[in-house]
Amino acid sequence: MLTIGQEFGLKHQDIPSIVKANAYLVVLDCQCIECGKTKVCYTRSQLTQLKPDSWRCDDCWKVLQERREQEYLDYQLEQERLEEERKQVALEYINDYRGNQLTEVPLITELNEVDKLLLATTIEGLGSENLKTTISLRDNISLFLSPFFGLDQKILHHLFKLNLLLLAPEESYEYISVNKEQELEIDYYQATFEFAYDTNDLTKIMVDAKSKKNIRALVSNTQFEMWCQQIQLGECLSYLITRAKLNNLAPPIGDKLISLLRACIAECSVSVMHYIIYKAVESAAAYVQKPNITRKHASNSISGNIERVFSKIYSGSWSHNKSFRDASHPQSAMAKIFFDYVFGVDDGGFHHTLDELFSPYRSQKTLEQVSYATLGDARGTNYSVTIALDIKQSCFTDV
Ligand SMILES: [Zn+2]
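Residues numbered from 1 in each chain as written. Predicted model: local features only at pLDDT ≥ 70, side-chain atom pairs only at ≥ 80, totals over all residues.

What follows concerns helix α13 (residues 295–314). Owing to its 3.6 residues per turn, the α-helix aligns residues three or four sequence positions apart on the same side. Look at α13: 29 Å from first C-alpha to last across 20 residues, which is about the 28 Å you get at 1.5 Å a residue. When the local axis directions of α13 are compared, the greatest deviation, roughly 35 degrees, occurs at I302. Those residues of α13 lying buried are A298, S299, S301, I302, S303, N305, I306, V309, F310 and I313. On its buried side, α13 packs onto α10 (222–246), α11 (255–267) and α12 (270–288). Residue G316 follows α13 closely and has a positive phi angle near 90 degrees. (Helix = DSSP H or I, 4+ residues; strand = E, 2+ residues; numbered from the N terminus. Expected span 1.5 Å × (residues − 1). Bend = angle between axes of the 7 residues up to and from the residue. Buried ≥ 20, exposed ≤ 12 C-beta atoms within 10 Å, placed from the backbone. Contact = placed C-beta atoms within 7 Å.)

Before going further, it helps to examine the nonpolar core. C236, I265, M273, I276, I277, A280 and F338 are the most contacted members of the largest nonpolar core, which has 69 residues in total. When residues are assigned to domains, this core turns out to be shared by domain 2 (83–210) and domain 3 (215–397), each giving three or more. (Core = buried A, V, L, I, M, F, W, Y, C linked by C-beta atoms within 7 Å. Domains from an automatic or database assignment.)

In this section: unusual backbone geometry. Unlike most non-glycine residues, N292 shows phi in positive territory, near 65 degrees. Structurally, N292 is set in the loop between α12 and α13. Overall, N292 belongs to the exposed group, with 5 C-beta atoms counted inside 10 Å. At D347, a residue that is not glycine, the phi angle is positive and equals roughly 50 degrees. The exposure class assigned to D347 is partly exposed, which follows from the 17 C-beta atoms found within 10 Å.

Orientation of α10 relative to α11, taken along the N-to-C sense of each, is 115 degrees, at an axis distance of 10 Å. Here α10 runs over α11; the crossing is right-handed. Contacts from Q232, L233 and C236 in α10 reach I258, L261, R262 and I265 in α11. (Axes fitted to C-alpha atoms, helices over the stretch in contact; angles between N-to-C directions. Left-handed = near helix turned anticlockwise from the far one by under 90°.)

Turning to the pairing of strand β2 (residues 38–41), a few remarks are in order. Two strands pair when backbone bridges link them, and strand β1 (residues 25–31) and β2 are joined in this way by four bridges, in the antiparallel orientation. For Q31, the partnering residue across the bridge sits in β2 and is T38. The hairpin formed by β1 and β2 contains six residues between the paired strands, and G36 there has a positive phi angle of roughly 85 degrees. (Pairing = 2+ DSSP bridges.)

The next subject is the packing of α12 against α13. Packing of α12 against α13 leaves a shortest axis separation of 8 Å and a crossing angle of 140 degrees. The angle between α12 and α13 falls in the class oblique. As α12 runs across α13, the sense of the crossing is right-handed. Contacts between α12 and α13 involve V272, I276, I277, K279, A280, V281, S283, A284, A285, Y287 and V288 from the first element and R295, A298, S299, S301, I302, N305, I306, V309, F310 and I313 from the second. Across the contact of α12 with α13, the residue classes tally to 15 nonpolar, four polar and two charged. (Parallel < 35°, antiparallel > 145°, perpendicular 65-115°, else oblique. Nonpolar A, V, L, I, M, F, W, Y, C, P; charged D, E, K, R; others polar.)

Attention shifts here to the environment of V89. In this structure, V89 sits in helix α4 (residues 58–103). Each C-alpha atom, one on V89 and one on V178, is 9.2 Å from the other, the two residues being 89 residues apart in sequence.

With that out of the way, let us pick up the confidence of the model for the protein. For any part of a model where pLDDT is low, the fine detail of the predicted coordinates should not be relied upon. Averaged over the protein, the pLDDT score is 86; the fraction of residues at 70 or greater is 88%. pLDDT under 50 marks residues 370–399. Its contacts with residues more than four places away, or in other chains, come to 35 contacts. (pLDDT = per-residue confidence, 0-100.)

Its 12 residues place the ends of helix α8 (residues 199–210) 17 Å apart at the C-alpha level, agreeing with the 16 Å of an ideal helix rising 1.5 Å per residue. Those residues of α8 lying buried are L202, I205 and A209. Down the axis of α8, the buried side of the element spans an arc of 55 degrees, and every buried residue falls inside it. Across from the buried face of α8, at angles greater than 90 degrees, the exposed residues are T199, N200 and V207. Buried positions along α8 lie against α5 (113–126), β6 (193–195) and α14 (333–343). (Arc of directions from axis to C-beta.)

If you want it as structure tokens, here you go:
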């Protein structure tokens, strides 16, 4: 080092830093996998991090990056093209479907009373300001259509099938698809529809739904009874799901639970059911605290708890507190139209069983059968005494 310094006129103490700055290592067994250029390392870390089998020189690396970016752009363009193609195919199908719907809109005079009530419910709950279209269930936050999302869907599907709600292709094509069987699949949560009738007709349907009607005819209509049951069932399911979620539980909701709830609401009001469900879920939440009990075990115990609490109340061995609606389960448009405006009660679907509401309007013959059954069943009598507090007298004095 001393010799090199003397040879080139450098101070010997400078030589290590000069060497450090200018030395490099040609790695002969590492070539660029694209162009074959040999790798040169300038620092130790470059050498230690080198992957000789897959090294690319800077130029080739840049070319590769550019190619990848281009490929990505091409891919995106292709996706957009496919999306546009799908949209056109869907729009064509939807427009054809809508064309058929338009030729099959029933005359307003031919609508049955129950379908009119369902249409009125939809106008009330989802009608847009100009009454031309619906707003989507997703965007509706003021007045719920029905107490339960499953029932919301059912109503919309029913009216759609009757051609009372028409497809609105431009607004909703994203939420309508055609499946492999060439059937429409509608995302009822997000889709909007056009009403089949004009504003005057819709207004008339609304007014009719809110004025005096033939209650006897409605009460003997099995469709009306079925929708009323669905409302009360929806109130129970919706409350059950909320209570369970609050306690991190998720009871399986299937035919078994539904048939249990149906049996319960045949005997007690939604108000009482809320109390029963509240107790059933609280008891399941306490169950989780026990050793070896999982959330699944506890969730599965809820339906048994409902049955237990129900039979205690039904047999009169438990009294219950009066339950009111909580803020997260407000009265729905459907409950107003099907109960309050029909029977002239205040939140009748919540406080009364169908039997209590229907029986004053049933024909004499049916009424006799009902009274006979009730009188013959001591538990039934006890029970009606227990919930008498909940019943608004108006329901009966109005008859
Ligand atoms: Zn290269």
